[in-house]
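Residues per chain, in single letters:
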Amino acid sequence: MELEHRIRTALTSDTCYQFSDLLSEAKESPSVPDRDRWLEILNCFVTGQYRTFTPPLDRSAREKLQALSILRLSSENTALGYSEIERVCGCETDREVEALLIRCIQAGLLQCKIDEINRRVFLHQLSTSAYHVQDCGKLLEALQSWASENSSVMEEIRDHVSEATGNLATAKTEREEFKRNLDSAKASLKKEKPQREVSSSKIRKRLA
């Protein structure tokens, strides 16, 4: 009964999102009442499979399984669409998706940016407290992929900045050259002006 009580407590607790130890203990405890039922429930919570879950759950346990399902989905992706979350987590509307994401954020399970207009979620950080050790490889791969994508974006930005800096330097050089030519032309005009005035004076005297 003690294990069953701990399972029930974990399912309804606001802070417990790790069920792998309870699953291992249940597998090694054949005398637990309703053992097959608890094994099915715990296995779904460990693997984060809301859609394949059949036993009835109260609201708090159901929301927790949805949160674990979105964490499992997030461990393999750095960005998610609303439709994908709806399919995996059993949400029926955009509002339900956003409410689920907010619950995950408040529970400290993930950090993300929600793009309501384009119905996309961009993941920044995931809590490792809800992951079984076998999931760490996938989580690490997802983080490495995210880091690689960010690195490529930053490299592209640096290239654009470098190109813009080069264009700016070229434009500055051309402006300076144009100014020098303009100043030279003005100076030439100033020198030629007295000579033109003298020539004009001589012409008027001859005509007179």
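Criteria and thresholds
All residue numbers here refer to positions counted from 1 along the written sequence of the relevant chain. Two thresholds apply to this predicted model, a pLDDT of at least 70 for residue-level local features and 80 or more for giving and counting side-chain atom pairs, whereas whole-chain, interface and lining totals are computed over all residues. Values shown for side chains rest on all heavy atoms present in the structure; no hydrogens or waters enter the calculation. A run of H or I in DSSP becomes a helix once it reaches four residues, and a run of E becomes a strand once it reaches two; helices and strands are each numbered from the N terminus. Classification of residues uses two cut-offs on accessible area relative to the type maximum, computed with a 1.4 Å probe and protein chains only: under 20% is buried, over 50% is exposed, and between them is partly exposed. Throughout, a residue-residue contact means that at least one pair of heavy atoms, one from each residue, lies within 4.5 Å. Axis definition: a line fitted to C-alpha atoms, limited for helices to the stretch in contact. Angles are taken between N-to-C directions and run from 0 to 180 degrees. Oblique is the label for any angle not covered by the other classes, which are roughly parallel (under 35 degrees), roughly antiparallel (over 145) and roughly perpendicular (65 to 115). Of the grid points, spaced at 1 Å and generated over the protein atoms alone, those admitting a 1.4 Å probe that cannot get out make up cavities, while open sets with protein on both sides within 12 Å along at least five of seven lines make up pockets; any residue with an atom within 4 Å of a point is treated as lining. Grid points are joined across faces, edges and corners, and a volume is the space filled by probe spheres set on the points. A pair of sulfur atoms, both from cysteines and within 2.5 Å, is called a disulfide here. Predictor confidence is given residue by residue as pLDDT, running from a minimum of 0 to a maximum of 100. Only buried Ala, Val, Leu, Ile, Met, Phe, Trp, Tyr and Cys residues count toward a nonpolar core, and they belong to the same one when joined by side-chain atoms within 4.5 Å. Ring pairs are drawn from Phe, Tyr and Trp, using the six-membered ring of Trp, whenever the two centres fall within 6.5 Å, and their geometry is named by plane angle: stacked under 30 degrees, edge-to-face over 60, tilted for the rest. Each ring is checked for a lysine NZ or an arginine CZ that lies within 6 Å of its centre and within 35 degrees of its normal; such an atom marks a charge sitting over the ring. Here a polar contact means two N or O atoms within 3.5 Å. Within protein one must be a hydrogen donor candidate and the other an acceptor candidate, and residues neighboring in sequence count only if both atoms are side-chain atoms. This arc describes the spread of directions from the helix axis toward the C-beta atoms.

S.K.: Summarise the overall build of the chain; cite the residues concerned and give the values.
M.R.: Across its full length, the chain carries seven helices and three strands. N-terminal to C-terminal, the α/β element order of the chain is α-α-α-α-β-α-α-β-β-α. Looking at the 208 residues of the chain, the share that counts as buried comes to 33%. In the chain, of all internal contacts separated by at least 6 residues, the share reaching a separation of at least 24 is 50%.

S.K.: Any details on the packing of helix α4 (residues 59-74) against helix α6 (residues 94-106)? Residues and values, ideally.
M.R.: Viewed as axis vectors pointing N to C, α4 and α6 meet at an angle of 85°, and their least axial separation amounts to 10 Å. Taken together, the axes of α4 and α6 are roughly perpendicular relative to one another. Judged by residue contacts, Glu63, Gln66, Ala67 and Ile70 of α4 engage Leu100, Leu101, Arg103 and Cys104 from α6.

S.K.: How would you sum up the layout of surface pockets? Please name residues and give values.
M.R.: The space that makes up the largest pocket amounts to roughly 220 Å³. Lining the largest pocket we find 13 residues, and of these Asp14, Tyr17, Ser60, Glu63 and Arg103 sit closest to its centre. For the lining of the largest pocket, the secondary-structure elements that each account for two or more residues are α4 and α6. Ranked by residues supplied to the lining of the largest pocket, first place goes to α4 with four residues.

S.K.: Requested: an account of unusual backbone geometry, with residues and values cited.
M.R.: Located in the positive-phi region is Asp34, a residue other than glycine, with phi close to 55°. Relative to the helices and strands, Asp34 resides in the loop between α2 (20-27) and α3 (35-47).

S.K.: I'd like to hear about the state of the cysteines, residue by residue, with values.
M.R.: Within this structure, the stated rule accounts for zero disulfides. Take Cys89: it sits in no disulfide, and the sulfur closest to it among the cysteines is that of Cys91, at 5.5 Å.

S.K.: Before we move on, can you summarise the confidence of the model for the chain with the specific residues and values?
M.R.: Confidence in the prediction of the chain, expressed as mean pLDDT, is 77, and 75% of residues score 70 or more. Contacts from residues 131-136, a stretch scored under 50 in pLDDT, to residues over four places away or in other chains number nine contacts.

S.K.: Explain the nonpolar core residue by residue, including any values.
M.R.: As a rule of thumb, nonpolar side chains are buried together in soluble globular proteins. Ranked by size, the top nonpolar core spans 42 residues in total, and within it Leu11, Phe19, Phe45, Ile70, Ile85 and Leu100 carry the most contacts. Elements with a minimum of two residues in this core: α1 (2-12), α2, α3, α4, α5 (82-89), α6, β2 (110-115) and β3 (120-126). Other than its neighbours up to four places away in sequence, Leu11 contacts Phe19, Trp38, Ile41, Phe45, Ser60, Ala61 and Lys64.

S.K.: Tell me about the packing of aromatic side chains, and name the residues and values.
M.R.: Taken as a whole and judged by the stated rule, the model has one aromatic pair. Looking at Arg37, its charged tip hangs above the ring of Trp38, at a distance of 4.7 Å from the centre. Over the ring of Tyr17 we find Lys64; its NZ or CZ atom is 5.1 Å from the centre of that ring.

S.K.: So, the side chain of Ser29: which residues are in play, and what are the values?
M.R.: When you line up the elements, Ser29 lands in the loop between α2 and α3. Exposure remark for Ser29: the relative accessible area of 18% places this residue in the buried category. Looking at Ser29, its side chain comes within polar contact range of the main-chain oxygen of Glu25, at 2.7 Å.

S.K.: Please set out α1 residue by residue, giving values where relevant.
M.R.: When we look at burial in α1, the residues that qualify are Leu3, Glu4, Ile7, Ala10 and Leu11. Along the axis of α1, the buried positions cluster into a sector of 125°, meaning they face one direction only. Set apart from the buried face of α1 by more than 90 degrees, the exposed residues are Glu2 and His5.

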